[in-house]
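# Survey of secondary and tertiary structure
Below are the chains, spelled out letter by letter.
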Amino acid sequence: MRDWFSDANVIFSRPRLLPFEFELYWKRRLLQDPRSKVLVWQYNGPTEIKTFCARHGIPFHYVEDGFIRSVALGALRVPPLSLAFDTQDMYFNANGPTDLEDILRTYDFAGDPGLMRRARAAREQLLASRLSKYNSGHRLDIGAVYGEKTRKRVLVIGQVERDASIAYGCARKMTNNDLVRLAAMENPDAQIIYKPHPEVLKGTAEAKSDPALVRDIAMILTQDISLADALDTIDHVYTITSLSGFEAVLRGIKVTTVGCPFYSGWGLTDDRQPNPRRNRTLSIDEVFAAAYLLYAKYLDPVTKRPIEIEEALDVLARMRAEQMAA
């Protein structure tokens, strides 16, 4: 965070700050300096901190990883190339409006042709580079893994089941195994392929549902395969709230969302959780422009300077190439 705010005196509280600590120490400290700003990673701050900041005119933002992050997983403490800052709520929280949702609901995309040209070019750059949010997966011949394609092919995207994006973005209880069973039930003649989350495969996150229990109805991928490779030859993707679903949308693949991720509700996906606030039809490039160009922010991890998505994609491609060559 000090890299992102090099002109500020960045002061950290301890993780999971307790309410009495905020009451006895941090309130007074924040009020003492008119330059104070508050950043909270996800929901790790005291519940009253947002209301306190609003009452006293202190700028407040929730913070989360952006949509293209790093070569390795965030759980391994690799610095992010992109962050999302939101004054209202976490972008994955479907229970109320967020800054990202407001952009998607109200921005005049038709009146900004320059933005749309950039979005189209950046989307094409992202797809050509075969980059993703995380880029830890191995590149391989996916045909050798999936076998010959003789029928419809459905990919089920696993998530970390304790993830906040499921807790706040999906109204019903749903595990990865539940999602595999739903995909198999709705596509009885298809080849069902289940891709567990990379953190689960690498052991940095616990799986609450055992993939072995759905092995009879799905092929279980047991190695961390790059998402771009995993999506090759896929006809339909099922996800709860994963960003991987939007990356499938970018490739023209049909996507079913069981929860309500930021990209659902705009006419691009088969949505099982409606959102009455989202009553506008948008194009793929418009949703991409909102999330990747207008909302997320980027920082060069070497020079520590703010950059735009086009340069961020170049930087990430170079980092991935260097890692593969090492």
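Below: a short report on this structure. (Residues numbered from 1 in each chain as written. Predicted model: local features only at pLDDT ≥ 70, side-chain atom pairs only at ≥ 80, totals over all residues. Heavy atoms only, no water.)

This paragraph deals with the overall build of the protein chain. Helix and strand counts for the protein chain come out as 12 helices and 11 strands. Taking 326 residues into account, the globule formula puts the C-alpha radius of gyration at 20 Å, and the protein chain, at 20 Å, falls close to it. C-alpha extents for the protein chain along the principal axes are approximately 70 × 45 × 40 Å. Taking contacts inside the protein chain between residues at least 6 apart in sequence as the whole, the part at least 24 apart equals 64%. (Helix = DSSP H or I, 4+ residues; strand = E, 2+ residues; numbered from the N terminus. Rg over C-alpha atoms; globule rule 2.2 N^0.38 Å. Contact = heavy atoms within 4.5 Å.)

A few words on the packing of helix α10 (residues 243–250) against helix α11 (residues 284–295). Where α10 contacts α11, the axes come no closer than 10 Å and their chain directions differ by 140°. Classified by the angle between their axes, α10 and α11 sit oblique to one another. Regarding α10 and α11, the two cross each other, and that crossing is left-handed. Two secondary-structure elements touch here, α10 through Leu-243, Phe-246, Glu-247, Val-249 and Leu-250 and α11 through Ile-284, Val-287, Phe-288 and Tyr-292. Taken together, the residues of the contact of α10 with α11 sort by class into 8 nonpolar, no polar and 1 charged. (Axes fitted to C-alpha atoms, helices over the stretch in contact; angles between N-to-C directions. Parallel < 35°, antiparallel > 145°, perpendicular 65-115°, else oblique. Left-handed = near helix turned anticlockwise from the far one by under 90°. Nonpolar A, V, L, I, M, F, W, Y, C, P; charged D, E, K, R; others polar.)

A separate point is the packing of aromatic side chains. When we look at a pair of aromatic rings, we describe it by the centre distance and by the angle of the planes. Evaluated as defined, the whole model comprises 21 aromatic pairs. Judged by centre distance (4.9 Å) and plane angle (85°), the rings of Tyr-25 and Trp-26 are edge-to-face. Classification of Tyr-25 by relative accessible area gives partly exposed; the value is 34%. Between Phe-67 and Phe-262, the ring centres sit 5.0 Å apart and the planes meet at 35°, which makes this aromatic pair tilted. (Phe/Tyr/Trp six-rings, centres within 6.5 Å; stacked < 30°, edge-to-face > 60°. Buried < 20%, exposed > 50% of the residue type's maximum accessible area, 1.4 Å probe, protein only.)

Below, the discussion takes up the layout of surface pockets. Looking at the second largest pocket, its volume works out to about 160 Å³. As for the second largest pocket, its lining consists of Trp-4, Phe-5, Phe-85, Asp-99, Tyr-295, Lys-297, Tyr-298, Leu-299 and Pro-306. With 3 residues, strand β10 (residues 297–299) is the single largest residue contributor to the lining of the second largest pocket. Residue composition of the lining of the second largest pocket, grouped by class: 7 nonpolar, no polar and 2 charged. (1 Å grid on protein atoms, 1.4 Å probe; cavity = no way out; pocket = protein on both sides within 12 Å on 5 of 7 lines; lining within 4 Å. Points joined across faces, edges and corners; volume = space filled by probe spheres on them.)

Together, Leu-18, Phe-20, Leu-24 and Tyr-25 make up a nonpolar patch on the protein surface, roughly 410 Å² of accessible area in all. With respect to the helices, strands and loops of the structure, Leu-18 is situated in the segment before α1 (19–32). Accessibility expressed as a relative area gives 36% for Leu-18, which makes it partly exposed. (Patch = residues over 30% accessible without salt bridge, like charges linked within 9 Å, V, L, I, M, F, W, Y side chains within 5 Å. Areas by Shrake-Rupley, 256 points an atom, 1.4 Å probe, with all protein chains shown as cover. Salt bridge = Lys/Arg side-chain N within 4 Å of Asp/Glu carboxyl O.)

The 6 strands lie next to each other as β6-β5-β4-β7-β8-β9, forming an open sheet whose pairing is parallel. For this open sheet the edge positions go to β6 (219–220) and β9 (270–271), each flanked by a neighbour on one side alone. Where strand β4 (residues 153–157) and strand β7 (residues 236–239) come together, 3 bridges link them in parallel fashion. By the bridge assignment for β7, Val-156 is matched with Tyr-238. (Pairing = 2+ DSSP bridges.)

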